[in-house]
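Structural overview for review
What follows is each chain in one-letter form.
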Amino acid sequence: MAEHRLIKALVTEDIGVIELHRPDRLNALNRQMVAEIREQAEAFDQDETIRIIVLKGAGRSFAAGADIGEMMTETPLSMEIADPFADWDRLRQIKKPLIASVHGFVLGGGFELALHCDLIIAAETTEFGFPEIKLGVMPGAGGTQLLTHVMGRRKALEWLLLGTSMTAQEAHHFGIVNRTVADEMLEEETMRFAQALAKQPPLSVRFIKEAVHRVENIEDGLLLERKNFYLLFNSADQTEGMQAFLDKRPPSFKGE
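These remarks concern the structure in this document. Being a predicted model, the structure only gives us computed values, none of them experimental. (Residues numbered from 1 in each chain as written. Predicted model: local features only at pLDDT ≥ 70, side-chain atom pairs only at ≥ 80, totals over all residues. Heavy atoms only, no water.)

**Some details on the overall build of the chain**
- A tally of regular secondary structure across the chain gives 12 helices and 9 strands.
- In terms of its C-alpha atoms, the chain occupies a principal-axis envelope of roughly 55 × 45 × 35 Å.
- Every one of the 256 residues in the chain was classed for burial, and the buried ones make up 50%.
- Relative to all contacts within the chain whose residues are 6 or more apart in sequence, the contacts with residues 24 or more apart total 72%. (Helix = DSSP H or I, 4+ residues; strand = E, 2+ residues; numbered from the N terminus. Buried < 20%, exposed > 50% of the residue type's maximum accessible area, 1.4 Å probe, protein only. Contact = heavy atoms within 4.5 Å.)

**A short note on a nonpolar patch on the surface**
- Where nonpolar side chains cluster on the molecular surface, the patch consists of Ile133, Leu157 and Leu161 and spans about 260 Å² of accessible area.
- Assignment of secondary structure puts Leu161 in helix H7 (residues 153–162). (Patch = residues over 30% accessible without salt bridge, like charges linked within 9 Å, V, L, I, M, F, W, Y side chains within 5 Å. Areas by Shrake-Rupley, 256 points an atom, 1.4 Å probe, with all protein chains shown as cover. Salt bridge = Lys/Arg side-chain N within 4 Å of Asp/Glu carboxyl O.)

**Some details on the nonpolar core**
- Within the largest apolar cluster, 55 residues are counted, with the highest numbers of intra-cluster contacts made by Ile37, Phe128, Leu147 and Ile176.
- For this core, the element with the highest residue contribution is helix H1 (residues 31–46), accounting for 5 residues.
- Excluding its chain neighbours within four sequence positions, the residues that come into contact with Ile37 are Ile7, Ile18, Leu20, Leu29, Leu55, Leu91 and Leu113.
- In this structure, Ile99, Leu186, Phe193 and Ala194 belong to the second largest nonpolar core, which totals 14 residues. (Core = buried A, V, L, I, M, F, W, Y, C linked by side-chain atoms within 4.5 Å.)

**Let's talk about the pairing of strand E2 (residues 15–20)**
- Summarising burial for E2: 6 of the 6 residues are buried, a large majority.
- In E2, alternate side chains face the same way, and those of Ile15, Val17 and Glu19 on one face and Gly16, Ile18 and Leu20 on the other are all buried.
- With 6 bridges joining them, strand E1 (residues 7–12) and E2 adopt antiparallel strand pairing. Residue pairing in the sheet places Thr12 in a bridge with Ile15 of E2.
- What sits between E1 and E2 in their antiparallel hairpin is a turn of 2 residues, with Glu13 showing a positive phi close to 55 degrees. (Pairing = 2+ DSSP bridges.)

**Some thoughts on the sheet that holds strand E7 (residues 127–129)**
- Strand order in the open sheet formed by 3 strands is E5-E7-E8, and the pairing between neighbours is mixed. Each end of this open sheet is capped by a strand with a single partner; those strands are strand E5 (105–107) and strand E8 (165–167). Neighbouring strand axes in the sheet, compared pairwise and without regard to direction, differ in orientation by 25 degrees on average.
- Sheet analysis places E7 next to E8, joined by 3 bridges and oriented antiparallel. Bridging across to E8, Glu127 finds its partner in Thr167.
- Sheet strands in contact with helix H5 (residues 109–116) are E5 and E7, and its direction is about 90 degrees off that of E5. (Axes fitted to C-alpha atoms, helices over the stretch in contact; angles between N-to-C directions.)

**A few points about helix H6 (residues 143–151)**
- Residues of H6 that are buried include every one of Gly143, Thr144, Gln145, Leu146, Leu147 and Met151, and no others.
- Backbone geometry just after H6 places Gly152 at a positive phi near 95 degrees.

**Structural notes on the packing of aromatic side chains**
- Applying the stated criterion to the full structure yields 3 aromatic pairs.
- Ring centres 4.6 Å apart and planes at 20 degrees place the aromatic pair Phe111 and Phe130 in the stacked group. In this pair, Phe111 sits in helix H5 while Phe130 sits in the loop between E7 and H6, placing the two residues 19 residues apart along the sequence.
- The class for Phe111 is buried, based on a relative accessible area of 1%.
- When the ring centre of Phe193 is taken as reference, the NZ or CZ atom of Arg179 above it lies at 4.4 Å. (Phe/Tyr/Trp six-rings, centres within 6.5 Å; stacked < 30°, edge-to-face > 60°. Lys NZ or Arg CZ within 6 Å of the ring centre and 35° of its normal.)

**Focus on the pattern of salt bridges**
- Taken as a whole and judged by the stated rule, the model has 15 salt bridges.
- One salt bridge connects Asp67 with Arg22, and the closest N-O pair in it is separated by 2.9 Å. Within this pair, whereas Asp67 is found in the loop between strand E3 (52–57) and helix H2 (68–71), its partner Arg22 is found in the loop between E2 and H1, the two being separated by 45 residues in sequence. Exposure class is identical for Asp67 and Arg22. Each is buried.
- Through salt bridges with shared partners, a single ionic network connects Arg38, Glu42, Asp87 and Arg90.

Structural data, given as structure tokens:
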């Protein structure tokens, strides 16, 4: 039996659109979905008729985080063997511009996915955040590094350590979001923006993107983040934090 796909892909003229399609789970990211996003993004990247790639979410949110149920029983060794971040690494190699069109919740892994994109357009009521610390873990798909590069060390630490959410307006203020639009105008404004970029000379666009990202040499930081993320899955606090999330109760952390 064929595996049920968790994304939808469509093409509008020279714009490739990837829609996260797990609306019953607020598009919570599991490994299958991330692999499908990466696979489709690479296919669009290789398609000479596509100029721009847009990521968006079906239903009430872009992506409300990672699938905690899938992660609950992981260990450092199981993740080292599975290498769950290989697809994220390949997303960073996409040469064409990636635009995240976000609404609702953009949390945890969903926030990391948006930050992997080159540009972000947000509905005015969007909520951003990294709540991982409340689960006894930390961002592991680039969140600590990508957020710091965008908003600076002190403010990034504040958001990461408190695990609180920020509004679309705050995200725009700190340079995380390129522009905010009325919720009902999100799709129209995203496509208008994508169409404007699609009219630019493709080679210039590609080389500008490459030059800008070369400034952000974050590979060493990503390796350290990944190591520490794995290590936290050896802690009692990780087990307690994720179980409390699934039980819908406040966690009790012991620092062990």
